[in-house]
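# Structural features, examined
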Amino acid sequence: MVIAAVLVAGVLAQWLGWKLRVPPIVFLLAMGLLAGPVTGVLDPDKTFGAMLFPGVSLAVAVILFEGSLGLGWRGLREAGSTVWKLLTIGVIVSLIGVSVSARLILGVDWKVAVLLAAVLVVTGPTVIGPIVSSIGLRGRVGAILESEGTLIDPIGAILTVLVFEALFVTTGSGVVTVAVNVILTLVLGALIGFVLAGLLVLVMAKYLVPDHLLNVTTLAAVLAAFAIANELRPESGLVAVTVMGIALATQQWVPVHRVLEFNETLRILFISGLFLLLGARITRETLQGLEWRNLVFLVALIAVVRPVGVIGSTIGSTVTRKERMFLAMTAPRGIVAASVASVFALKLADIGVADSQVFVSVVFTVIAGTVLMSGLLSKPLGVRWGLIEAEERTVIVFGANAVAQAFAGALGTNSVPARLIDLNSDDLQQARMTGLKAHRGSVISDATWDAAGIEIAGSFVAMSKSDELNALASLRATRSLGRKWVFQLAPARREHDVESNTPVGAFGRRLFAKDATYDRLSELIETGWRTASTPITEQFGVAEHAEVHPDAIPMFIVDPNKQIHIICADNPRAPRPGDVLVCLVAPRE
């Protein structure tokens with residue numbers, strides 16, 4: 001019952017984030033606090049017992065793999081050298097800055113301060129990924145944040161283990177010993193990641209596993225890589241799954257998009273559950289023990305340590321001042337920091353360190369403060385600094401024929417940007433001559449979608465002459481935009497009834513009307529039909545418009561806020577006063 005409730009609450013928080021356009025991490029953390037320390041309904045340690053930390057570790061491994069698989073080497077190249085400087089210069093600055101801040105502000109021992117700094121180095125993909133995705137951040141800044149979050153998790157975990165062993169377990173461990181341990185951990189993890197990635201590529205290339213078992217085989221391989229690496233050397237498992245994901249995404253022998261889609265689903269479920277459990281694990285005593293020192297320490301991290309690290313990592317780069325400010329204010333900590341802090345707080349208590357109780361309260365303060373700040377401020381600041389479009393309204397039109405040109409031209413007339421995709425050179429040339437933006441490319445090429453800007457589009461409309469290509473393009477577009485924002489002209493009825501024989505989900509939403517096929521619209525345009533924009537008022541409403549244009553085919557509506565509402569057969573929106581109704585209308589006699 002508890003597990004089901006956690007999943008339901010997690011999905012609800014994700015939906016609230018989507019509906020209210022706020023990163024869902026904020027709602028997940030709030031629900032966890034409500035279920036845990038506030039009401040006492042959920043006690044993760046009591047419910048899951050000894051399986052809690054192993055389960056959290058495996059979930060983090062899957063999240064890291066999915067993040068690195070989606071990132072790939074291409075994402076690292078887009079992020080540029082800045083991400084590598086953040087992983088070196090930024091980490092060094094963070095270690096020094098957090099250590100000094102912890103010593104001066106919190107008053108803890110220097111050893112504890114350094115260990116706390118190692119824990120707080122991470123900015124994991126469990127937080128960065130959902131925030132970047134939910135606010136629509138694309139381009140170089142998004143790539144830098146996701147690359148840093150994905151790659152720094154294993155680095156932070158390794159540093160924490162090595163610092164603890166060097167300062168609290170063994171004596172006389174010099175810099176050389178620490179460096180050797182770091183190199184051995186990284187090399188072993190990377191080697192296991194490459195080997196497992198190679199085996200998976202071989203299995204897929206030789207068709208040794210049927211398609212319906214491919215996803216679970218990949219999941220099993222990821223968990224095996226994590227477990228084997230950790231068994232051979234602690235904390236090398238995170239390195240293994242990260243390298244494994246990047247290697248799979250980089251290779252060109254077999255496609256991995258199906259695996260990516262499956263793991264993205266797991267990522268959403270795991271992140272939802274992990275952050276609910278994170279909030280629920282906070283005790284009332286921890287909340288009551290929060291004091292002004294924790295808040296001052298949080299401000300020091302946000303206002304001093306992170307900005308200095310970003311500035312040092314971007315000196316001499318092409319990163320702009322606004323991009324630098326956004327990177328400086330976006331460094332939320334996540335479940336990895338929480339789980340690592342919990343483990344080492346117990347270890348410190350076992351060896352009698354007096355400041356062990358400070359660990360949990362300080363780390364929780366940093367997690368809650370950075371998550372709330374990044375979750376609530378990242379989008380408005382990104383919009384203000386021009387890193388995020390205020391409203392992504394660009395419509396991508398598949399097809400450059402006369403029908404697509406008429407639709408795209410009507411969009412442009414109403415200040416809605418449109419971009420066309422096609423392979424027909426004559427249609428593309430004609431479209432460009434009318435002032436439309438058109439890209440030549442195939443729907444099966446990722447380069448075509450990237451050039452058209454599918455990741456930042458508001459909606460996708462398939463209007464080519466081929467029903468089959470329209471279906472293929474719609475299916476591809478749903479992976480980026482979701483089914484709600486993908487539309488397609490109705491397929492022509494030929495030998496059988498399309499409604500009863502078309503597989504569910506094979507097409508986008510029916511554009512304009514169920515009988516609005518390409519052949520019909522093309523014939524109307526050839527006979528002189530044209531697009532017309534009509535303001536709807538109290539005096540001239542829908543009824544009056546129907547009297548003037550009785551056979552008109554509604555195409556889309558532009559509301560007073562300049563938002564576009566594309567007309568579709570399954571849920572047509574009725575025009576209201578203040579709207580502009582755009583239709584395909586018959587020529588005047």
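Remember, predicted model here, so these are calculated numbers, not experimental data.

### Digging into the confidence of the model for the chain
Regions with low pLDDT carry predicted coordinates that are not meant to be interpreted in detail. Looking at the chain as a whole, its pLDDT mean stands at 81, while 88% of the residues score no less than 70. Of the regions scoring below 50 in pLDDT, residues 495-500 engages in eight contacts with residues more than four places distant in sequence or in other chains.

### With respect to the sheet that holds strand β4 (residues 459-462)
Strands sit in the order β3-β2-β1-β4-β5-β6 across an open sheet of six strands; the sheet is parallel. In this open sheet, the two strands that pair with only one neighbour each are β3 (437-440) and β6 (509-510). Sheet topology places strand β2 (residues 418-422) next to β3; four bridges connect them, and they run parallel. Paired with Asp422 across the two strands is Arg440, which belongs to β3. Each of β2 and β3 is contacted by helix α19 (residues 425-433), which is oriented at about 160 degrees to β3, the strand it contacts most.

### A closer look at the packing of helix α1 (residues 2-20) against helix α2 (residues 24-38)
Axis separation between α1 and α2 bottoms out at 8 Å; the angle between their running directions is 140 degrees. The angle between α1 and α2 places the two elements in the oblique class. The element α1 and its partner α2 pack so that their crossing is right-handed. Where α1 abuts α2, its residues Ala9, Gly10, Leu12, Ala13, Gln14, Leu16, Gly17 and Leu20 lie against Pro24, Phe27, Leu28 and Met31. Residues belonging to the contact of α1 with α2 are distributed by class as follows: nine nonpolar, three polar and no charged.

### Looking at empty space enclosed by the protein
Inspection of every chain in the model, using the stated rule, returns six cavities of 30 Å³ or more. Reported here for the largest cavity is a volume of approximately 160 Å³. In this structure, the largest cavity is lined by 17 residues; those nearest its centre are Gly90, Ser94, Glu148, Arg306 and Arg333. Secondary structure elements with two or more residues in the lining of the largest cavity: α5 (81-106), α8 (139-169) and α14 (292-314).

### Quick look at the packing of aromatic side chains
Under the counting rule described, the total for this entry stands at two aromatic pairs. Between the aromatic rings of Phe407 and Phe512, the centroid separation amounts to 5.8 Å while the plane-to-plane angle is 55 degrees, which identifies the pairing as tilted. Of this pair, Phe407 sits in helix α18 (residues 402-413) while Phe512 sits in the loop between β6 and α23 (518-526), and the two are 105 residues apart along the sequence. The pair formed by Phe407 and Phe512 is uniform in burial state, with each residue classed as buried. The rings of Phe407, Phe512 and Phe556 are connected pair by pair, giving a single aromatic cluster.

### What about the side chain of Asp579?
Here Asp579 shows up in the loop between β9 (564-566) and β10 (580-585). Once residues lying within four places of it in the same chain are set aside, the contact partners of Asp579 are Thr534, Pro535, Ile536, Ile557, Val558, Asp559, Pro560, Arg573 and Ala574.

### Comments concerning the pattern of salt bridges
Taken as a whole, this structure holds three salt bridges when the rule is applied. Note that Arg306 and Glu148 form a salt bridge whose closest N and O atoms lie 2.8 Å from each other. Taken together, the positions of Arg306 in helix α14 and Glu148 in helix α8 put the pair 158 residues apart, joining distant regions of the chain. Since its relative accessible area comes to 3%, Glu148 is described here as buried. Close ionic contact of Arg520 with Asp515 constitutes a salt bridge, the shortest N to O distance being 3.3 Å. A relative accessible area of 45% means that Asp515 is categorised as partly exposed.

The rules behind the values
- Residues numbered from 1 in each chain as written.
- Predicted model: local features only at pLDDT ≥ 70, side-chain atom pairs only at ≥ 80, totals over all residues.
- Heavy atoms only, no water.
- pLDDT = per-residue confidence, 0-100.
- Contact = heavy atoms within 4.5 Å.
- Pairing = 2+ DSSP bridges.
- Helix = DSSP H or I, 4+ residues; strand = E, 2+ residues; numbered from the N terminus.
- Axes fitted to C-alpha atoms, helices over the stretch in contact; angles between N-to-C directions.
- Parallel < 35°, antiparallel > 145°, perpendicular 65-115°, else oblique.
- Left-handed = near helix turned anticlockwise from the far one by under 90°.
- Nonpolar A, V, L, I, M, F, W, Y, C, P; charged D, E, K, R; others polar.
- 1 Å grid on protein atoms, 1.4 Å probe; cavity = no way out; pocket = protein on both sides within 12 Å on 5 of 7 lines; lining within 4 Å.
- Points joined across faces, edges and corners; volume = space filled by probe spheres on them.
- Phe/Tyr/Trp six-rings, centres within 6.5 Å; stacked < 30°, edge-to-face > 60°.
- Buried < 20%, exposed > 50% of the residue type's maximum accessible area, 1.4 Å probe, protein only.
- Salt bridge = Lys/Arg side-chain N within 4 Å of Asp/Glu carboxyl O.

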